[in-house]
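Coordinate inspection notes
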Amino acid sequence: MATTDSTTHPCDEVLPPTRMIAFGIQHVAAMYAGVVAPPLIVGEAIGLPPLQMTLLIGASLFTAGLATALQALGVWKIGARMPFVNGVTFGSVAPILAIVAQQSGSQNPLSVVYGSVLIAGVLAFIAAPYFSRLVRFFPPVVNGTVITLIGLSLMPVAIKWIAGQDSDAPDYAAPQKVLLGAVTFVLVLLFNRFLTGFLNRIALLIGLLVGSLIAWPMGLVDTSTFESAPLFNLPVPFELGTPTFSLTATLSICIVMLVAMMESTADMIALGEIVDRPADEKTIAAGLRADGAGSAISAVFGGFTCSAFAQNIGLVALTGVRSRFVVATGGGVLVLLGLFPVAGAVVSLVPQPVLGGAALVLFGSVATSGIRTLSKAGLGDPHNALIVAGALGIGLIPVVAPSFYDHFPEAMRTVLDSGISTGCIAALLLNLLFSKRREPQMS
């Protein structure tokens, strides 16, 4: 590692170009699957044709790269200026799917999604300095419940990828689909268990690659995307949809953005400890502004909400490479991938059963992160246990019974049909209720 003077912090260290690129690509490998999964989920739900699916994936890569560079390098009071990676947050997937379902009759349901993300990003940018002072309203019992719901609410998506979208179709849950999903599931687990170092960080991608190779002779790999995918495409503002606005849809995404801000705050605190640069209120506010600005920019170019990628914090701890310029280089690599849709076409080769098998591990990991956070919440306290029980019960209603709210007004269903939104609201309200009950006991 290059030497630095006594006044230079490791986060500000500039490494030789070859090492910067190598370590930057490693960060991209650690987050790539997480960036492309949300557009794949949303695109499949909408039924986008191959070309538009490729452009949607490219837009997510491009905007994740911009958001990451903004977070790591910083501009004015925007950006934490730490080795902090931003990308499409999984938390937005379930609410976006609910919005898409409600807008199924419209010509382009993505327009409402982009309008909601744009407003949520701007509001997050404005609220950043205030939110950094209000973290006390989001203790682990709330944050852990919401993160757990994110993982659980996405599980049906993985199952549908494996079995198929139409339960009446002749090949629904066909043995070869289930077998392919199961093989991929086992491979991802084994690769995570036995691979080490860099290969361990890309175990999910290796599982997708091997699963796709197994699916190829089975005739389950569709190569038609390459016929329509352009070699180069410069993302154009509003190419995938001009923003339109819906109050209920915006409320739903704002709730997701609120949760994402809490997650980013926790990640910044953790990363600050690892790199020996404590994340104070000023740093957190700057990082949250980058989340908001990155999300707003993302909506303009066809991406979704952007927030922290926690897996890259583990990568910093593992490698000991603290330079924020390494992460910024990784952001540049993501931008390049977004500019070449053929890279997105490669991703679209992955058959749905393979993606579903890997997604079971991926979504399960998100739920596990929530459970880990809940372990710090003191669930021995009966009040905390009731908060989790009530919020999970309400949040899981649309997951286990998707038609439960069908008789409610359309305007309400965008929020009600998203377990993450209803669960978050329930957790916040229950925490406020029971925190008041605790005060007399402590006096």
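Residues numbered from 1 in each chain as written. Predicted model: local features only at pLDDT ≥ 70, side-chain atom pairs only at ≥ 80, totals over all residues. Heavy atoms only, no water.

Labelled according to an unreviewed UniProt entry, the protein chain appears under the name Purine permease, originating from Saccharopolyspora karakumensis. Under the heading Sequence similarities (unreviewed entry), UniProt records this for the protein chain: "Belongs to the nucleobase:cation symporter-2 (NCS2) (TC 2.A.40) family." A UniProt comment under Subcellular location (unreviewed entry) is attached to the protein chain, and it reads "Cell membrane". (UniProt positions renumbered as here; feature names shortened; annotations may be inferred.)

To continue, consider the layout of surface pockets. Counted as a void, the second largest pocket has a volume near 760 Å³. Residue lining of the second largest pocket: 30 residues in total, with Leu-97, Ala-98, Ala-101, Val-157 and Lys-160 positioned closest to the centre. Counting residues per element, the ones that place at least two in the lining of the second largest pocket are α1 (17-46), α3 (93-102), α5 (140-163) and α17 (397-400). A class-by-class count of the residues in the lining of the second largest pocket yields 16 nonpolar, 9 polar and 5 charged. (1 Å grid on protein atoms, 1.4 Å probe; cavity = no way out; pocket = protein on both sides within 12 Å on 5 of 7 lines; lining within 4 Å. Points joined across faces, edges and corners; volume = space filled by probe spheres on them. Helix = DSSP H or I, 4+ residues; strand = E, 2+ residues; numbered from the N terminus. Nonpolar A, V, L, I, M, F, W, Y, C, P; charged D, E, K, R; others polar.)

Another aspect to go through is the packing of aromatic side chains. Within the structure shown, the criterion is met by 5 aromatic pairs. Geometrically, the ring pair formed by Tyr-114 and Phe-304 is stacked, given 6.1 Å between the ring centres and 20° between the ring planes. With Tyr-114 in helix α4 (residues 110-131) and Phe-304 in the loop between α11 (281-301) and β2 (306-308), this residue pair connects regions lying 190 residues apart in the sequence. Of the two residues, Tyr-114 and Phe-304, neither departs from the other in class, the shared state being buried. Here the aromatic rings of Tyr-405 and Phe-408 are separated by 5.3 Å at their centres, their planes lie at 80°, and the arrangement is edge-to-face. A relative accessible area of 8% places Tyr-405 in the buried class. On the basis of relative accessible area, Phe-408 is assigned to the partly exposed category, the value being 37%. An aromatic cluster of three or more residues is present, and its members are Phe-404, Tyr-405 and Phe-408. The positively charged end of Arg-193 is found above the aromatic ring belonging to Phe-194, 4.9 Å away from the centroid. (Phe/Tyr/Trp six-rings, centres within 6.5 Å; stacked < 30°, edge-to-face > 60°. Buried < 20%, exposed > 50% of the residue type's maximum accessible area, 1.4 Å probe, protein only. Lys NZ or Arg CZ within 6 Å of the ring centre and 35° of its normal.)

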